[in-house]
Amino acid sequence: MVLQVHHMEMSQSERILFLCEELGIPYNLIRHKRAPLLAPDSLRLPGNPTGKAPFLEDPDEGVALAESGAICEYILAKSSDRTLSKRYGDKGYADYIYWFHYANASLLPAMVGSMFLMHSQLPADDATRQWAQARLDGALKYVDSRLESVKWLAGEDFTAADVMTVYTVTTQRYFGPNVSLAAYPNILRWLKDVSERPGYRRAMEKGDPEMELLITADAPTTTLLQEGGITSGTWKKK
Ligand SMILES: N[C@@H](CCC(=O)N[C@@H](CS)C(=O)NCC(=O)O)C(=O)O
């Protein structure tokens with residue numbers, strides 16, 4: 001039986017679809033609707049105690065797994081295709097694991113911290129908000145400077161490090177903070193390259209067919225938290 005990929009619309013689980021499409025492996029996609037912002041009860045499945053997305057089942061192995069990074073590593077380890085990952089001894093291995101983990105250990109937390117503070121009642125000049133903003137600006141500037149010198153995050157090859165990172169500078173922006181990418185030309189160049197990949201296009205079309213992809217500089221004018229969730233429709237293709 002093929003991998004069962006649980007995807008919640010407009011969420012980090014787009015990474016798993018993206019990886020599967022890039023690898024060209026068969027999988028069964030199970031889509032879950034936000035309710036209307038948080039995860040629905042349909043994601044509370046055996047082996048997924050937090051009820052969040054992504055969630056993977058590999059019935060042949062009796063495996064149930066959450067956490068995008070762990071799921072990506074599992075799929076990469078299971079696949080015979082080695083082109084999207086690097087192993088110890090490969091050129092660029094350290095860069096690969098560094099950027100693979102930077103995605104969820106540093107970049108996403110910077111974005112999410114700033115998102116929560118933006119929706120707090122704190123004034124814009126509050127020291128905590130400014131701290132969070134500086135942390136986010138620093139992280140984005142760092143990714144941008146990396147992409148000035150290399151085509152893909154791990155170097156010259158597109159890898160799972162790119163797969164892990166795209167969500168934070170695209171779909172996550174619908175949730176806030178209202179970040180423009182205008183100051184980050186290299187991230188924009190990289191996003192254009194990502195968006196031209198058939199694997200990315202297919203993944204987004206299967207997972208979130210109604211969503212306008214946030215691959216340009218423009219910051220969303222509102223957030224899904226302010227609009228009360230996905231029922232608002234502000235995120236839909238025009
Ligand atoms: N670190 C986890 C985060 C999982 C996570 O928080 N997923 C979000 C989607 S972006 C979720 O399920 N949110 C719904 C909720 O918290 O109820 C991962 O990378 O998989």
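The chain has the name Glutathione S-transferase 3 in an unreviewed UniProt entry, where Paraphaeosphaeria minitans is given as its organism. Taken from UniProt, the Sequence similarities (unreviewed entry) comment for the chain reads in full: "Belongs to the GST superfamily."

Visitor: What's the story with the packing of aromatic side chains in this structure? I'm lost.
Guide: Aromatic rings considered in pairs are described by the distance between their centres and by the relative angle of their planes. Under the definition given, this model contains 11 aromatic pairs. Relative to Phe 158, the ring of Phe 18 lies with its centre 5.8 Å away and its plane at 50°, an arrangement referred to as tilted. Note that Phe 18 is positioned in helix H1 (residues 14–23) and Phe 158 in the loop between helix H4 (127–149) and helix H5 (160–169), a separation of 140 residues in sequence. The interplanar angle of 25° and the centroid separation of 5.9 Å between the aromatic rings of Tyr 98 and Tyr 102 together place this pair among those described as stacked. Here Tyr 98 pairs with Tyr 102, and both are found in helix H3 (residues 93–118), just four residues apart, close to one helical turn. Residue classification places Tyr 98 among the partly exposed residues on the basis of a relative accessible area of 38%. An aromatic cluster is built from Phe 18, Trp 152, Phe 158 and Tyr 200, whose rings are joined through pairwise contacts.

Visitor: Just to check I follow, could you spell out the pairing of strand E1 (residues 3–8) for this structure?
Guide: Remember that side chains alternate between the two faces of the sheet whenever the strand is regular. Here E1 lies mainly inside the structure; six of its six residues are buried. Alternating residues of E1 divide into Leu 3, Val 5 and His 7 and Gln 4, His 6 and Met 8, and every residue in both groups is buried. With six bridges connecting them, E1 and strand E2 (residues 27–32) associate as parallel partners. When the sheet's bridge partners are listed, Met 8 is paired in E2 with His 32. Each parallel crossover has a hand, and the one from E1 via H1 to E2 is right-handed. Alignment of E1 against strand E3 (residues 55–58), held across three bridges, turns out to be antiparallel. Bridging across to E3, Val 5 finds its partner in Leu 56.

What counts and what doesn't
- Residues numbered from 1 in each chain as written.
- Predicted model: local features only at pLDDT ≥ 70, side-chain atom pairs only at ≥ 80, totals over all residues.
- Heavy atoms only, no water.
- UniProt positions renumbered as here; feature names shortened; annotations may be inferred.
- Phe/Tyr/Trp six-rings, centres within 6.5 Å; stacked < 30°, edge-to-face > 60°.
- Helix = DSSP H or I, 4+ residues; strand = E, 2+ residues; numbered from the N terminus.
- Buried < 20%, exposed > 50% of the residue type's maximum accessible area, 1.4 Å probe, protein only.
- Pairing = 2+ DSSP bridges.
- Right-handed = clockwise from strand over helix to strand, strands pointing away.

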